[in-house]
Amino acid sequence: VKTGIQGMGDLRGHSLNLGSKDSGEREVGLTITQFAGYVENVDYVETNYTPEQLLSLPAHKMPDAIFVISSVPSYLAEELVRERHYDLMEIPFPESLALRHGWAADARILSYAYNLNPPVPPKNIQTVSVNVHLVANTLVDPAAIEKLLEVLYSPSVANQIRQPIDPARIAVSSGYPISRGMTAYLTRNDSIITLQTWNKLTGMFGLFMSFSGMAIVIVKWFGGARRVY
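Residues numbered from 1 in each chain as written. Predicted model: local features only at pLDDT ≥ 70, side-chain atom pairs only at ≥ 80, totals over all residues. Heavy atoms only, no water.

K.L.:
How do you make sense of the sheet that holds strand 3 (residues 65-66) when you look at a structure like this?
P.N.:
Note: strands within a sheet are paired through backbone hydrogen bonds, in either parallel or antiparallel orientation. Reading across from one edge, 2-1-3 is the order of the three strands in this open sheet, with parallel pairing throughout. Because the sheet does not close on itself, it has two edges, and the strands there are strand 2 (45-47) and strand 3. With two bridges joining them, strand 1 (residues 15-17) and strand 3 adopt parallel strand pairing. Note that in strand 3 the partner of Asn 17 across the bridge is Ile 66. (Pairing = 2+ DSSP bridges. Helix = DSSP H or I, 4+ residues; strand = E, 2+ residues; numbered from the N terminus.)

Given below as structure tokens:
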């Protein structure tokens, strides 16, 4: 945001760039602004510049606020802070937003992430994190999905994007049914004989031994009945 805009309550009457019209970034931005009580193109003026267009605009045409979805640090945010003297604004309600939207989560941007002097941001700030969901067609081979997940959650990918990837978050609900490939990935290290399977086997073994004992008694009884003295 430009200097003078301190928080979500200060966006009214300003221009806000939400990205291109057909982008998921715009959909997320609209959801956040609506949650904050703003009406699209009534309480603020929407612009739809791409990152490339923003960086080529003259200073007097730059929007007052720019909504960006990116991993941290964001190249666009860094350029806006260092070259265009923008500040980072806190979005203080990620956890409340997450109660209504499964893609939303709580996140932090650390102090000094984008500039040291002056510090931007000057302190750790809250923001909305966007959960990314991998959606596959029902016809996709489950083995291919399992292999893809193995690659995505490998240390090499985390090193490439310089972001930790928490495997525990794989079970965050997306609203779609869980793929057989995902189930195979989650159980890939499980023992073939689980506790449930072992209990079934021991039960079957006990039943088998009971019937075997009865069979032996019956055979002996009939065998004894045929004896002639």
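K.L.:
Before we go on, may I ask you to explain the pattern of salt bridges in this structure?
P.N.:
Pairing between side chains of opposite charge can happen when the charged atoms of each approach one another. Across all of its chains, the model carries eight salt bridges by this definition. Across the pair Asp 64 and Lys 2 runs a salt bridge, and its minimum N-O distance is 3.9 Å. Residue Asp 64 is located in the loop between helix 2 (51-56) and strand 3, and its partner Lys 2 is located in the segment before strand 1; the two are separated by 62 residues in the primary sequence. The residue Glu 46 makes a salt bridge to Arg 26 at a minimum N-O spacing of 2.5 Å. Taken as a pair, Glu 46 in strand 2 and Arg 26 in helix 1 (residues 24-35) lie far apart in primary sequence, 20 residues in all. A relative accessible area of 9% means that Arg 26 is categorised as buried. It is possible to trace a salt-bridge network through shared partners that takes in Arg 26, Glu 27, Glu 40 and Glu 46. (Salt bridge = Lys/Arg side-chain N within 4 Å of Asp/Glu carboxyl O. Buried < 20%, exposed > 50% of the residue type's maximum accessible area, 1.4 Å probe, protein only.)

K.L.:
Got a minute to help me understand the nonpolar core in this structure?
P.N.:
A general tendency of soluble globular proteins is for nonpolar side chains to be buried together. Counting residues in hydrophobic clusters, the biggest one holds 19 residues, and the most contacted among them are Met 8, Leu 11 and Ile 32. Setting aside residues up to four positions removed in sequence, Ile 32 forms contacts with Met 8, Phe 67, Ile 91, Phe 93, Leu 97 and Val 128. In terms of nonpolar packing, the next biggest core, distinct from the first, is built from seven residues, Leu 54, Leu 76, Leu 80 and Tyr 86 among them. (Core = buried A, V, L, I, M, F, W, Y, C linked by side-chain atoms within 4.5 Å. Contact = heavy atoms within 4.5 Å.)

K.L.:
Sorry if this is basic, but what is going on with unusual backbone geometry here?
P.N.:
With an omega of 5°, the peptide bond running from Val 72 to Pro 73 counts as cis. Within the secondary structure, Pro 73 is located in the loop between strand 3 and helix 3 (75-84). Between Asn 117 and the following residue, Pro 118, the backbone shows a cis peptide bond with an omega angle of 0°. In this structure, Pro 118 sits in the loop between strand 5 (115-116) and strand 6 (119-120). Of note in the backbone geometry, Asn 41 takes a positive phi value of approximately 60° without being a glycine. Topologically, Asn 41 is positioned in the loop between helix 1 and strand 2.

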